[in-house]
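Each chain is listed here by its residues.
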Amino acid sequence: MCWSATADLVAGGAIAAVGVACVARAARTRRRALPLAALPLLLGAHQLIEALVWHAGGGTGPATLAWAVIALPLLPLWVPVGVCCAAPRGARRRLALPLASGVVTSAVLAHLLATSTVTAEVRGHTMGYAIGLPHAPWLLAGYLLATIGALLLSGEPGLVLLGVLAGAGAALCAALWRWEFISTWCACAAVCSVVLYGWLRGAGRTRRPALS
């Protein structure tokens, strides 16, 4: 996924196509899930943007900033909001903590992006991003609680599966690519997000009225 511009283009295009299919299905069968259904589309576009970062050789250009806006303040807010919209009513109270974590984390990261410069650097077959995060462990904890935590607490088996896959991917990326964690994990999460299509298909079948 993040290994080269070509890999990002191929993976991003495929994941974005799945996102289009997810949005189309949600529009027909489960409109409240539309924000979450659009997640593969967003993450696919994210990979395509990173292809531009590769093409530019890293640096601090517009593509780097666009990539960082999606990865840092947008995702920790988008995911818990999308889960809250799609989850059963009974799950919404326990989703308050991931949602609050997402709001706070997103606000802090947005402020950092507005006051700092993000730099991308090609590191072998990965792309590293540097912004100089203060209290990085706390921000990372809030970020993961907002994204993975919301999925795990959703009460929807398909979303819980996505949370498990994303959590396993986070652990693997942290172990293998400490300094390139955010880039490699975003790529992993993009691939995992195709699970949403299967979840939406299942949701559509369970809501289909029985034939007499």
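Refer to the structure presented above.
Nothing here was measured: the structure is a model prediction, and the numbers come from that model. (Residues numbered from 1 in each chain as written. Predicted model: local features only at pLDDT ≥ 70, side-chain atom pairs only at ≥ 80, totals over all residues. Heavy atoms only, no water.)

Trainee: Please provide a residue-by-residue account of the packing of aromatic side chains, values included.
Mentor: Enumeration according to the criterion identifies one aromatic pair in this entry. Considering the side-chain rings of Trp67 and Tyr129, the 3.8 Å spacing of their centres and the 0 degrees angle between planes classify their relative orientation as stacked. Separated by 62 residues along the polypeptide, Trp67 in helix H4 (residues 62-86) and Tyr129 in strand S2 (residues 126-130) bring together distant segments of the chain. (Phe/Tyr/Trp six-rings, centres within 6.5 Å; stacked < 30°, edge-to-face > 60°. Helix = DSSP H or I, 4+ residues; strand = E, 2+ residues; numbered from the N terminus.)

Trainee: Residues and numbers for the environment of Ala120, please.
Mentor: Examined against the element boundaries, Ala120 turns out to sit in strand S1 (residues 119-123). Classification of Ala120 as buried rests on a relative accessible area of 4%. With 10 residues separating them in the primary sequence, Ala120 and Ala130 have C-alpha atoms 6.5 Å apart. Contacts of Ala120, omitting those with residues within four sequence positions, involve Val53, Gly58, Gly59, Thr64, Met127, Gly128 and Tyr129. (Buried < 20%, exposed > 50% of the residue type's maximum accessible area, 1.4 Å probe, protein only. Contact = heavy atoms within 4.5 Å.)

Trainee: Describe the environment of Ala14, naming the residues involved and giving the relevant values.
Mentor: Relative to the assigned elements, Ala14 resides in helix H1 (residues 5-29). In this structure Ala14 comes out as partly exposed when scored by relative accessible area, which is 45%. In this structure, the C-alpha to C-alpha distance between Ala14 and Ala91, residues 77 residues apart in sequence, is 32 Å.

Trainee: Can you break down a nonpolar patch on the surface residue by residue, with the values?
Mentor: A cluster of nonpolar side chains, Leu77, Val81 and Val103, forms an exposed patch at the surface whose accessible area comes to about 200 Å². Relative to the assigned elements, Val103 resides in helix H5 (residues 96-115). A relative accessible area of 44% places Val103 in the partly exposed class. (Patch = residues over 30% accessible without salt bridge, like charges linked within 9 Å, V, L, I, M, F, W, Y side chains within 5 Å. Areas by Shrake-Rupley, 256 points an atom, 1.4 Å probe, with all protein chains shown as cover. Salt bridge = Lys/Arg side-chain N within 4 Å of Asp/Glu carboxyl O.)

Trainee: How would you explain the nonpolar core if you had to name every residue and give the values?
Mentor: The biggest cluster of nonpolar side chains holds 55 residues, and the ones touching the most others in it are Leu36, Leu75, Val83, Trp185, Leu196 and Trp199. Ranked by residue count, the leading element in this core is H4, at 11 residues. When near neighbours in sequence (up to four residues on either side) are disregarded, Leu75 contacts Leu39, Leu42, Leu43, Ile70, Pro80, Tyr143, Thr147 and Cys186. (Core = buried A, V, L, I, M, F, W, Y, C linked by side-chain atoms within 4.5 Å.)

Trainee: Pulling in residues and values, what's your account of the pattern of salt bridges?
Mentor: Enumeration according to the criterion identifies two salt bridges in this entry. Note that Glu156 is salt-bridged to Arg30, the shortest N-O span being 2.9 Å. Highlighted residues: Glu156 in the loop between helix H6 (136-152) and helix H7 (157-176) and Arg30 in the loop between H1 and helix H2 (34-37), separated in sequence by 126 residues. Between Arg123 and Glu121 there is a salt bridge; the shortest N-O distance is 3.6 Å. Assessed through its relative accessible area of 27%, Arg123 is described here as partly exposed. Using a relative accessible area of 42% as the deciding quantity, one classes Glu121 as partly exposed.

Trainee: With reference to specific residues and values, describe the state of the cysteines.
Mentor: In the structure shown here, the tally under the stated rule is zero disulfides. Cys192 supplies the cysteine sulfur nearest to Cys188, a cysteine that is in no disulfide, at a spacing of 4.0 Å. The class for Cys188 is buried, based on a relative accessible area of 16%. (Disulfide = S-S within 2.5 Å.)

Trainee: Report on the side chain of Thr64, specifying residues and quantitative values.
Mentor: Turning to its location among the elements, Thr64 is positioned in helix H4. One polar contact links the side chain of Thr64 to the main-chain carbonyl oxygen of Gly59, over a distance of 3.2 Å. What Thr64 contacts, discounting residues up to four positions off in sequence, is Val53, Gly58, Gly59, Val118, Thr119, Ala120 and Tyr129. (Polar contact = N/O pair within 3.5 Å; in protein donor to acceptor, adjacent residues only side chain to side chain.)

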